Amino acid sequence: AQSVTQLDSQVPVFEEAPVELRCNYSSSVSVYLFWYVQYPNQGLQLLLKYLSGSTLVESINGFEAEFNKSQTSFHLRKPSVHISDTAEYFCAVTTNRDDKIIFGKGTRLHILP
Amino acid sequence: GAVVSQHPSRVICKSGTSVKIECRSLDFQATTMFWYRQFPKQSLMLMATSNEGSKATYEQGVEKDKFLINHASLTLSTLTVTSAHPEDSSFYICSANTGLEAFFGQGTRLTVV
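Residues numbered from 1 in each chain as written. Chains lettered and ligands numbered in written order. Predicted model: local features only at pLDDT ≥ 70, side-chain atom pairs only at ≥ 80, totals over all residues. Heavy atoms only, no water.

Draft legend 1. Fine view of the overall build of chain B. If you tally the helices and strands in chain B, you get zero helices and 11 strands. Along the chain direction, N to C, the helices and strands of chain B fall in the order β-β-β-β-β-β-β-β-β-β-β. Computed over the C-alpha atoms, the radius of gyration of chain B is 13 Å, within 12% of the 13 Å expected from 2.2 N^0.38 for a compact globule of 113 residues. Oriented by its inertia axes, the alpha-carbon framework of chain B measures out at about 40 × 25 × 20 Å. For chain B, the residues scored as buried account for 51% of the 113 residues in total. Across chain B, the fraction of contacts at a sequence separation of at least 24, relative to all contacts at a separation of at least 6, is 52%. Entry remark: accessible area of chain B is about 5,500 Å², with carbon and sulfur atoms responsible for 51%. (Helix = DSSP H or I, 4+ residues; strand = E, 2+ residues; numbered from the N terminus. Rg over C-alpha atoms; globule rule 2.2 N^0.38 Å. Buried < 20%, exposed > 50% of the residue type's maximum accessible area, 1.4 Å probe, protein only. Contact = heavy atoms within 4.5 Å. Areas by Shrake-Rupley, 256 points an atom, 1.4 Å probe, with all protein chains shown as cover.)

Here's what the structure looks like:
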């Protein structure tokens, strides 16, 4: 079975500063990896995904994540955060495109003015 | 992109009553849908996999007689919380996969009083 670990439950960062949200996974087979964002009292929105190919994936709002197979990681980064990035971020993994997705515990990104 | 609609967004019910939550895929057919439960400031916990035309698959520890799932068509899955109690109060989210991506409903905030 696969699992996802997000070591940081909360990350405070000043506006316009860079941020990294850490994610490590465990699986005995090949995986597909995702980052989802959840704004208060809303469902989840896909931020970016790694399925195959280039290990560096980007989102339209400046986030990027790099799949590192040797370190079993999929850390999320943004070079300069905005107040609107305040949300809960979930790393997730699946081993089959139509199978259930397993989520990490989430990291709350708190932007300081 | 694909849209998953969940209804209602909020519901308050009396202890002992039942509540039905609907999850619809609006512009695609979903043979499989997933139901998650999210406690405050925690991650999503997969409750069950809803399979169109057959019985749902429940995760370990989830009471199938309490959380009834029906997936009668390719665009609709329902979750009924039977004989609800205050400890069932939570945020319930559904999702459906299409292609390479999972789409989530907006979530339902259930409060049992």
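Draft legend 2. Here's a closer look at the state of the cysteines. Overall, the coordinates contain two disulfides over all chains when judged by the stated rule. Covalent S-S linkage joins Cys23 of chain A and Cys91 of chain A, the inter-sulfur distance amounting to 1.9 Å. On the S-S bond that ties Cys23 of chain A to Cys91 of chain A, the torsion sits near -65 degrees, and the link is left-handed. With a gap of 68 residues between them, Cys23 of chain A in the loop between β3 (19–21) and β4 (24–26) and Cys91 of chain A in strand β10 (residues 87–94) connect regions that are remote in the sequence. There is no split in this pair, since Cys23 of chain A and Cys91 of chain A are both buried. Between the sulfur atoms of Cys23 of chain B and its disulfide mate Cys94 of chain B the distance is 2.0 Å. (Disulfide = S-S within 2.5 Å.)

Draft legend 3. Geometry of the pairing of strand β6 (residues 44–50) of chain A. All names here are of chain A. Of the pairings in the sheet, the one linking strand β5 (residues 32–38) to β6 comprises six bridges and is antiparallel in character. Paired with Phe34 across the strands is Lys49, a residue of β6. The antiparallel hairpin formed by β5 and β6 contains five residues in its connecting segment, where Asn41 sits at a positive phi of about 60 degrees. (Pairing = 2+ DSSP bridges.)

Draft legend 4. Looking closely at unusual backbone geometry. Each neighbour pair has its own omega, and for His7 of chain B with Pro8 of chain B the value is 0 degrees, a cis peptide bond. Mapped onto the secondary structure, Pro8 of chain B falls in the loop between β1 (4–7) and β2 (10–13). Although it is not a glycine, Glu16 of chain A adopts a positive phi angle of roughly 75 degrees. Positive phi, normally seen in glycine, also occurs at Thr72 of chain A, with a value near 45 degrees. Mapped onto the elements of the fold, Thr72 of chain A is located in the loop between β8 (64–68) and β9 (73–78).

Bear in mind that shape data such as this cannot, by itself, settle questions of function.
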